[in-house]
Amino acid sequence: ALQTLLPEGLLAPTSWLETRGYSRSLLAGYAKRGWLESPAHGVYRRPGAPLKWQNAVCSLTRMLGESVHVGGLTALELRGYAHFLKPRGLAQVELYLDEKPPGWLAKLGLAERFVVHRNTLFAFPVTAMHEPPPPAYVLRQEVNGVAAEPWGAWDDPLPVALPERAMLEFLDEV
């Protein structure tokens, strides 16, 4: 069922849903009935809580399998290390991706603007990303300076750079 395939709050592009058996006409019908909403052309979500930038990032990592993380100044702000820099919260979200982001990411109508960077500052061999899983007692896994932080009602994994990596990413943009 669509409810188990598409968790509440997460976004799914039409192409992703089509590969799972949902035609464009069926998706349009679901949207017309109010079972789905389309915050931007080519992407759907289940109605519910207001859309936040974290939903988009979690969707990129969970639904699309993108190698993406929140880094730079945004990661420093989220971890409490930028309290003297901006008094009014986030105006932009620094994202680091291995590939070009989907077009719908910039068209979601969020208050925050996504600033996308190529994830080339730290080039790791492919084998480094496929290390064995940590023991069960480890609360969070840190891979290449990025840790998945629980976010939202369902503790979706939000990949955020650790302070050391975030500072280097921030300095790289200077």
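Relevant structure appears above.
Below you will find a few notes about this structure. All residue numbers refer to position in the chain's written sequence, counted from 1. Only residues with pLDDT of at least 70 are given local features in this predicted model, and only at 80 or more are side-chain atom pairs given and counted; all residues enter the totals for whole chains, interfaces and linings. Note that the side-chain values use all heavy atoms of the structure and ignore hydrogens as well as water.

**Description of the sheet that holds strand β2 (residues 37-40)**
Following DSSP output, two strands are said to pair if at least two bridges run between them. By definition, any uninterrupted DSSP run of H or I lasting at least four residues is a helix, any uninterrupted run of E lasting at least two residues is a strand, and each is numbered from the N terminus. The sheet built from three strands is open, its strands ordered β1-β3-β2 with antiparallel pairing. Of all the strands in the sheet, just β1 (11-13) and β2 have a single pairing partner and so form its edges. Taken pair by pair, the neighbouring strands of this sheet meet at an average axis angle of 40 degrees, ignoring direction. Sheet topology places β2 next to strand β3 (residues 43-45); two bridges connect them, and they run antiparallel. Across the sheet, residue E37 finds its bridge partner in β3, namely R45. Axis angles are defined between N-to-C directions and span 0 to 180 degrees, where every axis is a line fitted to C-alpha atoms and, for a helix, only to the segment in contact.

**Regarding helix α3 (residues 24-33)**
When accessible area is computed with a 1.4 Å probe and restricted to protein chains, residues below 20% of their type maximum are described as buried, those above 50% as exposed, and intermediate ones as partly exposed. All buried positions along α3 are accounted for by L27, G29 and Y30. For α3, the buried positions fall inside an angular range of 160 degrees around the axis, keeping them on one side. Exposed positions of α3 whose direction lies more than 90 degrees from the buried face are R24, S25 and K32. Should any heavy atoms of two residues lie within 4.5 Å, those residues are considered in contact. Packed against the buried residues of α3 are α1 (2-5), α2 (14-18) and β3. One or two steps after α3, the chain reaches G34, where phi turns positive at roughly 90 degrees. The arc in question is traced by the directions running from the helix axis to the C-beta atoms.

**Quick look at the nonpolar core**
Here, nonpolar core means buried Ala, Val, Leu, Ile, Met, Phe, Trp, Tyr and Cys residues that are tied together by side-chain atoms lying within 4.5 Å of each other. One finds W53, V70, L95, W104, L105, L108 and F114 to be the most contacted residues of the largest nonpolar core, which totals 28 residues. Residue assignment for this core shows that the elements contributing at least two residues are α4 (53-62), β4 (68-70), α5 (72-78), β5 (92-97) and β9 (156-161). In terms of residue count, the dominant contributor to this core is α4 (five residues). In this structure V70 touches W53, V57, A75, L78, V93, E94, L95, L158, P159, V160 and A161, once residues within four positions along its chain are discounted. In this structure, L2, W16, Y30 and Y44 belong to the second largest nonpolar core, which totals 10 residues.

**A short note on the layout of surface pockets**
In this analysis the probe radius is 1.4 Å and the grid spacing 1 Å, with only protein atoms considered; a cavity is a set of points the probe fits into but cannot get out of, a pocket is an open set with protein on both sides within 12 Å along at least five of seven lines, and lining residues have an atom within 4 Å of a point. Grid points are joined across faces, edges and corners, and a volume is the space filled by probe spheres set on the points. One number sums up the size of the second largest pocket: a volume of about 170 Å³. Residue lining of the second largest pocket: E8, G9, R45, A49, P50, K52, N55, W151, G152, A153, W154 and D156, and that is the complete set.

**Things to note about the pattern of salt bridges**
We define a salt bridge as a contact between a side-chain nitrogen of Lys or Arg and a carboxyl oxygen of Asp or Glu at a distance within 4 Å. By the definition in use, this model includes four salt bridges. The salt bridge partner of R24 is E18, with a shortest N-O separation of 3.0 Å. Of the residues examined, E18 reaches a relative accessible area of 31% and is grouped as partly exposed. Note that R165 is salt-bridged to E169, the shortest N-O span being 2.9 Å. One end of the pair, R165, and the other, E169, are both in helix α6 (residues 163-172), four residues apart, so they sit about a helical turn from each other. Judged on exposure class, the residue R165 and its partner E169 are both buried.

Take it as geometry only, folks, not as evidence of what the structure does.
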